[in-house]
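Listed here are the chains, written in short residue letters.
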Amino acid sequence: MALLIPNTTPIQVRAFEDHGDRIIAITSLHDERIVTAFDNGMLCLWDFKTGLVLKKMEGHRSWVSALAASPDGKWIASGDRTGKLIAWDGKTGELLNQEIHKAHGYQASISSLDFSSDSMTLASGSGSTTKLWSTSTWEMQHSFDCDVNILCIRYSPIPCYHGAVLAIATDHGVRIYWCHTSNSEFRAPIQVTCNSLAWTRDGSRLLLGAYTSYPKVHTIQEWDTTTWQQVGDPWKGHLEGISAISLNYSGTLLASASYDKCVRLWRRSDQRTIAIFKHSAMVNCVTFSADDKYILSGCADKKISQWLTSDDTLPEGGGPKDGLMKEQAKHQAQAYSDFKILDMNPTVRNACIVGDWPTAEKVLNLDIDNNANHIAYANRAFVMARKCDWDKALQDAIRSVSIQPSLAGHISKAIAFCGKKQVVAARMSFDLASVFTNGDLMTDHFLFLIKAIALFNANEHQEAMTRIGELAACPNIDPVACRVVEAYLRVQLGNIALDGRRHNEAVEHFTSAVNASTFFYKLPIHSTYDEFIALFGWDLKSLWQTANQQQCYALFRAGSSGAAIESYQFILDKADEDVKADIRAWFTALK
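These figures come from a predicted structure and were not determined experimentally.

Each value, and the rule that gives it
- Residues numbered from 1 in each chain as written.
- Predicted model: local features only at pLDDT ≥ 70, side-chain atom pairs only at ≥ 80, totals over all residues.
- Heavy atoms only, no water.
- Helix = DSSP H or I, 4+ residues; strand = E, 2+ residues; numbered from the N terminus.
- Buried < 20%, exposed > 50% of the residue type's maximum accessible area, 1.4 Å probe, protein only.
- Contact = heavy atoms within 4.5 Å.
- Areas by Shrake-Rupley, 256 points an atom, 1.4 Å probe, with all protein chains shown as cover.
- Pairing = 2+ DSSP bridges.
- Axes fitted to C-alpha atoms, helices over the stretch in contact; angles between N-to-C directions.
- Core = buried A, V, L, I, M, F, W, Y, C linked by side-chain atoms within 4.5 Å.
- Salt bridge = Lys/Arg side-chain N within 4 Å of Asp/Glu carboxyl O.
- Arc of directions from axis to C-beta.
- Parallel < 35°, antiparallel > 145°, perpendicular 65-115°, else oblique.
- Left-handed = near helix turned anticlockwise from the far one by under 90°.
- Nonpolar A, V, L, I, M, F, W, Y, C, P; charged D, E, K, R; others polar.
- Polar contact = N/O pair within 3.5 Å; in protein donor to acceptor, adjacent residues only side chain to side chain.

1. Examining the overall build of the chain
A count of helical and extended segments in the chain gives 16 helices and 29 strands. In the chain, which comprises 591 residues, the share counted as buried stands at 56%. Of all intrachain contacts in the chain linking residues separated by at least 6 positions in sequence, the fraction that spans at least 24 positions is 47%. Approximately 25,200 Å² of the chain is accessible, and the part contributed by carbon and sulfur atoms is 50%.

2. Notes on the sheet that holds strand β8 (residues 75-80)
With respect to topology, three strands assemble into an open sheet ordered β7-β8-β9, the strand pairing being antiparallel. Two strands close off the open sheet at either side, each with one partner strand: β7 (64-69) and β9 (85-89). In this sheet, neighbouring strand axes are inclined to one another by 20° on average, regardless of whether the strands run parallel or antiparallel. Note that β7 and β8 share five bridges and pair antiparallel. Directly across from Ala66, in β8, lies its bridge partner Gly79.

3. Quick notes on the nonpolar core
In this structure, Ile411, Ile415, Tyr529, Trp538, Leu540 and Leu543 are the most contacted members of the largest nonpolar core, which totals 85 residues. No other element matches the twelve residues that helix α10 (residues 479-499) contributes to this core. When residues no more than four places from it in sequence are discounted, the contact partners of Leu540 are Val484, Tyr488, Ile525, His526, Tyr529 and Ile533. Formed by 17 residues, the second largest nonpolar core is a distinct cluster that contains Ile176, Trp178, Trp199 and Ala210.

4. Focus on the pattern of salt bridges
Close approach of charged atoms lets side chains of opposite charge pair. The full count for this structure, using the stated rule, is 21 salt bridges. In this structure, the salt-bridge partner of Arg22 is Asp39, at a minimum N-O distance of 2.9 Å. A residue pair is termed long-range when its members are at least 10 positions apart, and Arg22 in the loop between β2 (12-16) and β3 (23-28) and Asp39 in the loop between β4 (33-38) and β5 (43-47) qualify at 17 residues. For Asp39, a relative accessible area of 18% translates into the label buried. Among the salt bridges present, the one from Asp396 reaches Arg380, with a minimum N-O distance of 2.8 Å. Separated by 16 residues along the polypeptide, Asp396 in helix α5 (residues 390-403) and Arg380 in helix α4 (residues 374-386) bring together distant segments of the chain. We note that Asp396, like Arg380, is buried. A network of salt bridges, in which partner residues are shared, links Arg267, Asp270, Arg272, Arg483 and Glu486.

5. Considerations on helix α2 (residues 346-354)
Along α2, the residues that are buried comprise Val348, Arg349, Ala351 and Cys352. Looking down the long axis of α2, one finds its buried residues gathered within 165° of arc, a one-sided arrangement. α2 presents Pro346 and Val354 as exposed residues on the side facing more than 90 degrees away from its buried surface. Buried residues along α2 sit against α3 (357-371), α4 and α13 (530-536).

6. Things to note about the sheet that holds strand β10 (residues 110-115)
Strand order in this open sheet of four strands is β10-β11-β12-β13, and the pairing throughout is antiparallel. Strands with a single pairing partner mark the edges of an open sheet, and in this sheet they are β10 and β13 (140-145). Each strand of the sheet is rotated relative to its neighbour by a mean of 15°, with strand direction disregarded. Sheet topology places strand β12 (residues 129-134) next to β13; five bridges connect them, and they run antiparallel. From the neighbouring strand, Leu132 faces β13, where its bridge partner is His142.

7. Overview of the packing of α4 against α5
Two elements in contact, α4 and α5, have axes whose closest approach is 8 Å; the angle formed by their N-to-C orientations is 165°. Overall, the two elements α4 and α5 adopt an arrangement that is roughly antiparallel. Between α4 and α5 the crossing geometry is left-handed. Between α4 and α5, the residues in contact are His374, Tyr377, Ala378, Arg380, Ala381, Met384 and Ala385 and Trp390, Lys392, Ala393, Asp396, Ala397, Arg399, Ser400 and Ile403, respectively. Grouping the constituent residues of the contact of α4 with α5 by class yields nine nonpolar, two polar and four charged.

8. Quick word on the side chain of Ser116
In this structure, Ser116 sits in the loop between β10 and β11 (121-126). Here Ser116 falls in the buried class, since its relative accessible area comes to 4%. One polar contact links the side chain of Ser116 to the main-chain amide nitrogen of Met120, over a distance of 3.4 Å. Excluding its chain neighbours within four sequence positions, the residues that come into contact with Ser116 are Pro71, Thr121 and Tyr155.

9. Quick word on the pairing of strand β26 (residues 272-278)
Of all the seven residues making up β26, six are buried; the element is thus mostly covered by neighbouring parts of the structure. Bridging between strand β25 (residues 262-267) and β26 involves six bridges; their strand directions are antiparallel. Looking at β26, one finds that Arg267 is bridged to Arg272. Following β25, the chain reverses through four residues before pairing antiparallel with β26; Gln271 in that reversal takes a positive phi of roughly 55°.

This is the structure in structure tokens:
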């Protein structure tokens with residue numbers, strides 16, 4: 001009997017194996033069971049908790065191309081490439097009915113299936129035709145033609161006064177139908193090609209995996225179904241086609257599977273990738289477990305992987321938790337605590353941290369006069385950069401590299417170029433710096449962060465934030481360092497938005513900073529990450545408090561007084577006793 005095989009990787013929990021064929025589709029039932037479909041026509045009903053196969057469901061002789069389970073758990077439906085549509089008992093996995101086996105005719109591949117929210121209707125799509133089936137009789141109720149190829153169909157969880165709402169993704173955009181027993185109404189508000197759809201539980205948003213040919217881009221898009229306007233910018237990250245998307249029950253998380261061999265976990269509130277689950281082959285399907293604690297993904301490597309999606313990966317506004325992901329982050333940060341990328345005299349380092357430039361320069365000048373070594377020139381270039389004397393910083397950096405190329409020398413040169421807004425030259429210097437990391441993972445990651453910060457300071461804000469988001473989603477990195485940098489840069493973006501009186505935009509940036517700061521709340525980040533202080537003069541001791549107070553201030557400026565008061569109360573509840581009086585005084589002055 002096939003079992004779930006434990007996996008020792010820190011995020012992937014276990015893998016479904018022993019089926020011998022590629023996984024095409026997967027869906028979760030509400031009673032801790034899942035159903036999987038394979039390209040050999042086999043379906044399997046699993047006990048998710050024990051990992052046992054409860055039933056091998058045989059009936060298809062061709063590739064199973066579509067799979068769905070009814071919300072009430074009574075029915076499972078599957079369709080294959082020959083047009084065969086089978087209904088199964090959701091409890092036992094037994095085949096129910098032979099009458100709908102050729103629902104769409106011979107050789108008409110069924111591309112998608114979905115049940116209505118009341119489980120009374122099954123929608124099937126094949127070619128350009130959608131058919132609606134009664135689950136009480138399994139007779140066809142209605143059929144309509146879209147005139148274009150159907151790629152995905154999904155019922156809205158919330159019907160409207162017109163009847164059930166059905167979204168149909170095609171190769172020429174998304175169609176919306178209001179389905180009746182005798183007719184259907186139609187409009188096409190979304191003119192983008194996509195092959196995967198997901199509704200939020202309240203039906204107010206429709207999310208889709210989109211594709212554009214010119215330029216070739218694969219993105220997630222979110223649409224407001226009351227106005228049919230796109231919400232925010234497209235979510236970018238996948239390099240190849242998006243095969244499937246899935247929302248968790250609360251609608252706060254979205255998982256996307258792609259042919260780029262990755263599953264991405266996104267947070268809807270800020271449209272950010274918070275995890276990337278890498279596979280050995282292209283990923284065909286993805287879904288959340290019934291309790292939303294896990295992601296299940298099906299891959300062409302003939303495995304179904306189970307990945308942890310603890311709430312601790314999603315700090316939406318509460319304080320830190322003692323869950324698995326928080327503990328992993330804490331331990332990884334401790335492992336990095338003694339790591340230093342810069343070879344800097346302790347006296348010079350401390351002087352840079354407190355901003356004592358005369359002391360730092362005195363020590364470095366003496367070092368250069370005595371032996372003119374390349375490290376001393378690089379460190380003096382860092383000091384000149386802190387003073388914003390970019391010409392002298394670049395001069396010292398060039399001298400360092402000319403004496404002996406090194407990691408510190410090329411970093412100092414890149415930072416100087418960023419200060420002079422010579423971004424192309426800066427990128428080249430950072431590339432050269434990467435040659436001197438000796439393949440050390442910690443050094444590579446910190447160099448990546450330093451590069452993002454320097455580019456941000458050169459006004460390359462979007463590139464910098466994209467780089468931070470990508471690194472934060474990678475395995476085996478220091479997640480706290482990533483969140484520290486993200487929070488600090490988000491605060492800067494929020495301040496820029498405030499200066500431009502873009503108060504709602506400022507709220508979004510400060511909220512992202514607050515969310516990121518829950519990863520390092522109460523951690524000694526000012527000592528653990530003093531490299532950032534030495535290089536860029538950051539105030540890390542007050543970063544958590546600054547992010548939260550600026551969020552509160554921006555909420556007031558945006559006219560959200562109630563939310564601002566809640567934010568203030570949160571700050572007061574979490575702050576140390578020795579700063580609460582100052583926070584109260586600040587809030588009183590703010591009002």
